[in-house]
Amino acid sequence: MGLVKVGVIGIGNMGSSHVHMLDQGQIKGATLTAICSSNASRTEWVKNNTQGNVQIFRDVETFFNESGIDAVLIATPHYSHPELAKKAFAKGIHVLIEKPAGVYTKDVLEMNEAAKSSGKVFGIMYNQRANPLFQKLRDLIQSGELGAIKRINWIVTDIYRSQSYYDSSKWRATWQGEGGGVLLNQALHHLDICQWTTGFLPKSIRAMCSIGKYHDIEVEDDVTAFLEYENGATGVFIASTGEAPGSDRFEVVGDRGKIIVENEELTFYRLTQSEREFNASYTGGFGKPEWQKVVIPVKSENANHSMIVQNWIDSIVTGSSLLAPGTEGIKALEISNAIYLSSWLNEIVELPIDPDLYYEKLQEKINTSTFKKKSVSNTTLDVSGTH
């Protein structure tokens, strides 16, 4: 086939970046054909900052019906992702969505079914899957070099946000506009990497989410979650936008040692023998397994959105595998929904969660919001852009 004609819907920070990337020819096999945004200032930006003849639309239906695009990149506020994706699939259009896949699993399950029925290439912008650091971590775990996983800990507090950040948009940091706080916005990449590298989801979660602990917002800005896995492994996930200086430390402990990802470095504390074997055979009392510290020579690359877009286009053209299939977006969302639900119910929550129960509790949060003045209706499709 010829160049894949791509449209971008939502021209916020990320949408603008994607427009620039496509317009400058940074993605092989693709051409920017059209954009859609309800924000007049952003459509004007597109006119002034793109070369060639990019079609500009303000209306979603007209965009999908008249643009002639083969594929669409969706970079709108969270609630609209599933609805826009389903519209695109119904028109026979390939889709790449920004994270999160949606706000609640009930909606995302419907989107995933629509994607499968359409047969179109469906990706999600989990750009950290393209980071060599996490790819190597996944290889070490999936190959069995770390042995059976015992414990997972991730503290991610280097995602500080000021009050002015939250005040920058009327939809941000509200249940009705954004659908959540630090979990759904900043830490969702981490939740995805946690399950993607290890290869499994928790079986149960007990969590505490602090609402507006450090900011004048109605959603959570501080989270501590306790995770339990089917094989007996446990974990702790901590995220906050109110700590400075912050930390970003990911530990995975297995039968064959411990791997730490911190300061963009990957360190493997490799045991010379299995801990379980040592435990069963050692007779010297206070001894412990010997280990070697190995710094894995891999370079971290965080700015790799273009790799996900290129991978998506390559999949459309050649049928190659996706690094971040859109249908997998539900996995990190399932974890985040379970964390919220556990905090709201003040109890342990089993996965998979009841999608109807979560939706019901989310509506209660929206309906009892004291921040109505900031919120935007999630029943009106907002295609202005996000991030």
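Everything numeric in this text was worked out from a predicted model, so none of it was measured.

## With respect to unusual backbone geometry
For the bond from Lys99 to Pro100, the omega torsion is -5°, close enough to zero to count as cis. Topologically, Pro100 is positioned in the loop between β5 (94-97) and α5 (105-118). Of note, the amide linkage connecting Leu351 to Pro352 takes the cis form, showing an omega dihedral of 0°. The backbone of Ala173 sits at a positive phi, close to 60°, despite the residue not being glycine.

## Focus on the pattern of salt bridges
Counted according to the given criterion, the structure contains 16 salt bridges. Between Lys47 and Glu44 there is a salt bridge, and its shortest N-O distance comes to 3.9 Å. Of this pair, Lys47 and Glu44 are both found in helix α2 (residues 40-49), 3 residues apart, which corresponds to roughly one turn of the helix. When the shortest N-O distance is used, the salt bridge between Arg172 and Glu178 registers 3.8 Å. One continuous salt-bridge network, built from bridges that share partners, spans Lys86, Asp107 and Glu110.

## Some remarks on the sheet that holds strand β7 (residues 149-156)
Strand order in the open sheet formed by 9 strands is β14-β13-β12-β11-β7-β10-β9-β8-β15, with mixed pairing between adjacent strands. Edge strands, defined here as strands with exactly one partner in the open sheet, are β14 (291-296) and β15 (349-350). As paired elements, strand β9 (residues 220-228) and strand β10 (residues 234-240) share 7 bridges and run antiparallel to each other. Among the inter-strand pairings, Ala225 is bridged to a residue of β10, identified as Phe237. Its contacts with the sheet put helix α6 (residues 132-142) on β7, β11 (248-254), β12 (257-262), β13 (265-271) and β14, and the angle it makes with β13 is roughly 15°.

## Considerations on the state of the cysteines
By definition, a disulfide links the sulfur atoms of two cysteine residues through a covalent bond. Under the counting rule described, the total for this entry stands at 0 disulfides. Of the cysteine sulfurs around Cys194, a residue in no disulfide, the closest is that of Cys209, at 16 Å. For Cys209, a relative accessible area of 14% puts it in the buried group.

## Things to note about α6
In an α-helix, one full turn covers 3.6 residues, which means residues spaced three or four apart are oriented alike. All buried positions along α6 are accounted for by Leu133, Phe134, Leu137, Leu140 and Ile141. When α6 is viewed along its axis, its buried side chains cluster within an angular range of 120° and face the same direction. Where α6 is buried, its residues touch β7, α8 (188-198), β11, β12, β13 and β14. With a side-chain oxygen positioned 3.0 Å from the backbone nitrogen of Leu133, the residue opening α6 is Asn131.

## Considerations on the packing of helix α11 (residues 329-345) against helix α12 (residues 355-367)
Their axes nearest at 11 Å, the elements α11 and α12 cross at an angle of 65°. Crossing handedness for the pair α11 and α12: left-handed. For the pair α11 and α12, contact is made by Asn337, Tyr340, Leu341, Trp344 and Leu345 and by Leu357, Tyr358, Lys361, Leu362 and Lys365, respectively. Residue composition of the contact of α11 with α12, grouped by class: 7 nonpolar, 1 polar and 2 charged.

## A short note on empty space enclosed by the protein
Counted by the stated rule, this structure contains 3 cavities of 30 Å³ or more. Taken together, Leu191, Cys194, Gln195, Phe200, Pro202, Leu227, Tyr229, Phe237 and Ile335 make up the lining of the largest cavity. At 3 residues, α8 tops the list of elements feeding residues into the lining of the largest cavity. Among the residues forming the lining of the largest cavity, the class breakdown is 8 nonpolar, 1 polar and no charged.

## Comments concerning the layout of surface pockets
Size it by volume and the largest pocket reaches roughly 730 Å³. Every residue lining the largest pocket is counted, 31 residues in all, and those nearest its centre are Gln128, Ile159, His189, His190 and Asn302. Secondary structure elements with two or more residues in the lining of the largest pocket: α6, α8 and β12. If you tally residues by element for the lining of the largest pocket, the top one is α8, at 3 residues. Here the residues of the lining of the largest pocket sort into 10 nonpolar, 14 polar and 7 charged.

## Focus: the pairing of β11
In terms of strand pairing, β7 meets β11 through 7 bridges, oriented antiparallel. From the neighbouring strand, Ile152 faces β11, where its bridge partner is Val252. In terms of strand pairing, β11 meets β12 through 6 bridges, oriented antiparallel. Bridging from a neighbouring strand, Gly254 pairs with Gly257 of β12. Counted along the chain from β11 to the antiparallel partner β12, the turn is 2 residues long.

## Remarks on the side chain of Asn112
In this structure, Asn112 sits in helix α5. Residue classification places Asn112 among the buried residues on the basis of a relative accessible area of 6%. In this structure Asn112 touches Phe122, Gly326, Thr327 and Ile330, once residues within four positions along its chain are discounted.

How each quantity is defined
Residues numbered from 1 in each chain as written. Predicted model: local features only at pLDDT ≥ 70, side-chain atom pairs only at ≥ 80, totals over all residues. Heavy atoms only, no water. Helix = DSSP H or I, 4+ residues; strand = E, 2+ residues; numbered from the N terminus. Salt bridge = Lys/Arg side-chain N within 4 Å of Asp/Glu carboxyl O. Pairing = 2+ DSSP bridges. Contact = heavy atoms within 4.5 Å. Axes fitted to C-alpha atoms, helices over the stretch in contact; angles between N-to-C directions. Disulfide = S-S within 2.5 Å. Buried < 20%, exposed > 50% of the residue type's maximum accessible area, 1.4 Å probe, protein only. Arc of directions from axis to C-beta. Polar contact = N/O pair within 3.5 Å; in protein donor to acceptor, adjacent residues only side chain to side chain. Left-handed = near helix turned anticlockwise from the far one by under 90°. Nonpolar A, V, L, I, M, F, W, Y, C, P; charged D, E, K, R; others polar. 1 Å grid on protein atoms, 1.4 Å probe; cavity = no way out; pocket = protein on both sides within 12 Å on 5 of 7 lines; lining within 4 Å. Points joined across faces, edges and corners; volume = space filled by probe spheres on them.

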